Amino acid sequence: MSKASLSKLGDAAFERTDKVSAELLALTYGSFVRQLLIDYEDAEEVNAQLAKMGYNIGVRLVDDFLAKSNAPPCASFADTADIVAKVAFKMFLGVPALVGSWSSDRRTFSLVFTDNPLAEFTELPEKWGGVWYSNVLCGVIKGALEMVQMEVDARFVRCTLRGEDLNEIRVTLLQVLQEKPPVDDE
Amino acid sequence: VPPVPSAVPDGNALPPPPLLSPADAAAAAAETRRRLEGVGYDVGHRLVERYAVEKERMDSDLEAVKFVCRDFWEGVFKKHVDVLRTNHKGLYVLTDNKFRWLGRVWADEDSEEGGAGAVGADGAEVGGAIGGRGKPEDYVVFPCGLICGALTRLGVRCRVTAEIAGGAQCKFSVQVIGG
């Protein structure tokens, strides 16, 4: 499927999705991050907690995605990258991402986006310079892809809150998981 | 569409909750609710400023409550409160017959509170989202904080509790503090 038609698919899925006020989302996410900073007092630990929250969201969100997005099956990891960027990002976040910076072994790519609805009103105090504010997204990607048999590592490498001009998440395919029947399957 | 695996792969998925005595577990749950309500309060406090920025000053508690029932509810829940009642002694009851945030939540009869629950085993059911974790009551803690934060910012010091009355109907009781 061409990238243009994937974009259309993303737009259509976004139109169908129930919306929540962007202000509410941004303020709520910000308040949760702030509470985590108070509770854990450590940037690394907060990053890990955000990723964990995201993972738990991702393993469930993928059902919604498969049910409603009409996304075509992925024949390759490159297809997966395009679908995450063009369809999933648009559907759930309202903004598409760009895919780029493929590694030579084609197992690592970057998701790049400038507008970040999570960080709408946010400034990162210097004290918390080590926080990847939107790290929940990495967890969501990891959780969702694991449900479709791809174990990945996802991590922020650039963030506009750190003064850079765009956001970049590096996604690496670690392994393709073997499907296992459920334990008590008849 | 790729097949949906029917079990969460081993490893870093949802560890079982730590074993606590019932009293400790209740205390931990209360603390979690308090924090969650605090986050809601914080959001309500800031959000209402954005909604009320062009409004005239609200002189009475009732005006502030009405503002929350209409404008604030519209912004957050995309509808108005269905019924507002008051005893004229500082108690306001806001009834939303179809509270948006309970639309996909239902009581999980099979699991005890805090039970590990099977996650991912419920296939494509979106409503399975709570997957045996938490009860419907847990889902109104944040909104209670939200409403309390909004009203407090509008000058109404209050305590907010919620009662779920079947389906997605929810009654929020606002008790004004002091006078």
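For the structure itself, consult the block above.
Scope of this entry: the structure provided in the associated data block. (Residues numbered from 1 in each chain as written. Chains lettered and ligands numbered in written order. Predicted model: local features only at pLDDT ≥ 70, side-chain atom pairs only at ≥ 80, totals over all residues. Heavy atoms only, no water.)

What follows deals with the sheet that holds strand E3 (residues 158-164) of chain B. Hydrogen bonding along the main chain pairs the strands of a sheet, whether they run parallel or antiparallel. All names here are of chain B. Pairing within the open sheet is antiparallel, and its four strands lie in the order E1-E2-E4-E3. Every other strand in the sheet has two partners, leaving strand E1 (83-86) and E3 as the edge strands with one partner each. Pairs of neighbouring strands in the sheet enclose a mean axial angle of 20°, with direction left out of account. Pairing between E3 and strand E4 (residues 170-176): seven bridges, direction antiparallel. Opposite Thr161, over in E4, you have Ser173 as the bridge partner. The sheet strands contacting helix H3 (residues 141-153) are E3 and E4, and the helix crosses E3 at an angle near 150°. (Pairing = 2+ DSSP bridges. Helix = DSSP H or I, 4+ residues; strand = E, 2+ residues; numbered from the N terminus. Axes fitted to C-alpha atoms, helices over the stretch in contact; angles between N-to-C directions. Contact = heavy atoms within 4.5 Å.)

This next bit is on the nonpolar core. Within the largest apolar cluster, 54 residues are counted, with the highest numbers of intra-cluster contacts made by Phe65(A), Phe89(A), Leu111(A), Leu137(A), Ile141(A), Ile169(A) and Val171(A). Among the secondary structure elements, those contributing two or more residues to this core are helix H1 (3-16), helix H2 (22-40), helix H3 (43-68), helix H4 (77-93), strand E2 (108-113), helix H5 (136-146), strand E3 (150-158) and strand E4 (167-176) of chain A. For this core, the element with the most residues is H4(A), which contributes 10 residues. The contacts of Leu137(A), once residues within four sequence positions are left out, are Leu93(A), Phe113(A), Leu118(A), Phe156(A) and Ile169(A). Formed by 40 residues, the second largest nonpolar core is a distinct cluster that contains Leu27(A), Tyr92(B), Leu94(B) and Val156(B). (Core = buried A, V, L, I, M, F, W, Y, C linked by side-chain atoms within 4.5 Å. Buried < 20%, exposed > 50% of the residue type's maximum accessible area, 1.4 Å probe, protein only.)

Moving on to the sheet that holds E2(A). Residue and element names in this part refer to chain A. Taken together, the four strands give an open sheet; going across it, the order is E1-E2-E4-E3, and neighbouring strands pair in antiparallel fashion. Looking at the sheet topology across the chains shown, the edges are occupied by strand E1 (98-100) and E3. Going from strand to strand, the sheet's axes swing by 30° on average, the running direction of each strand aside. Note that E1 and E2 share three bridges and pair antiparallel.

This paragraph deals with the side chain of Thr28(A). Positionally, Thr28(A) belongs in helix H2. The class of Thr28(A) is buried, set by a relative accessible area of 13%.

Time to look at helix H2 (residues 61-77) of chain B. Of all the bends in H2(B), the largest measures some 35° and sits at Val68(B). Along H2(B), the residues that are buried comprise Ala64(B), Val65(B), Phe67(B), Val68(B), Cys69(B), Phe72(B), Trp73(B), Gly75(B), Val76(B) and Phe77(B). Among the structural elements, H2 of chain A together with helix H1 (22-52), E1, strand E2 (91-96), H3 and E4 of chain B are those in contact with the buried residues of H2(B). Lys78(B), located one to two residues past H2(B), shows a positive phi value of around 65°. (Bend = angle between axes of the 7 residues up to and from the residue.)

Turning our eyes to something else, we now look at a negative patch on the surface. The grouping of Glu41(A), Asp42(A), Glu44(A) and Glu45(A) at the surface amounts to a negative patch. Inspection of the secondary structure assignment puts Glu41(A) in the loop between H2 and H3. (Patch = residues over 30% accessible without salt bridge, like charges linked within 9 Å, V, L, I, M, F, W, Y side chains within 5 Å. Areas by Shrake-Rupley, 256 points an atom, 1.4 Å probe, with all protein chains shown as cover. Salt bridge = Lys/Arg side-chain N within 4 Å of Asp/Glu carboxyl O. Lys, Arg positive; Asp, Glu negative; His and termini not counted. Charge placed at Lys NZ, Arg CZ, Asp CG, Glu CD.)

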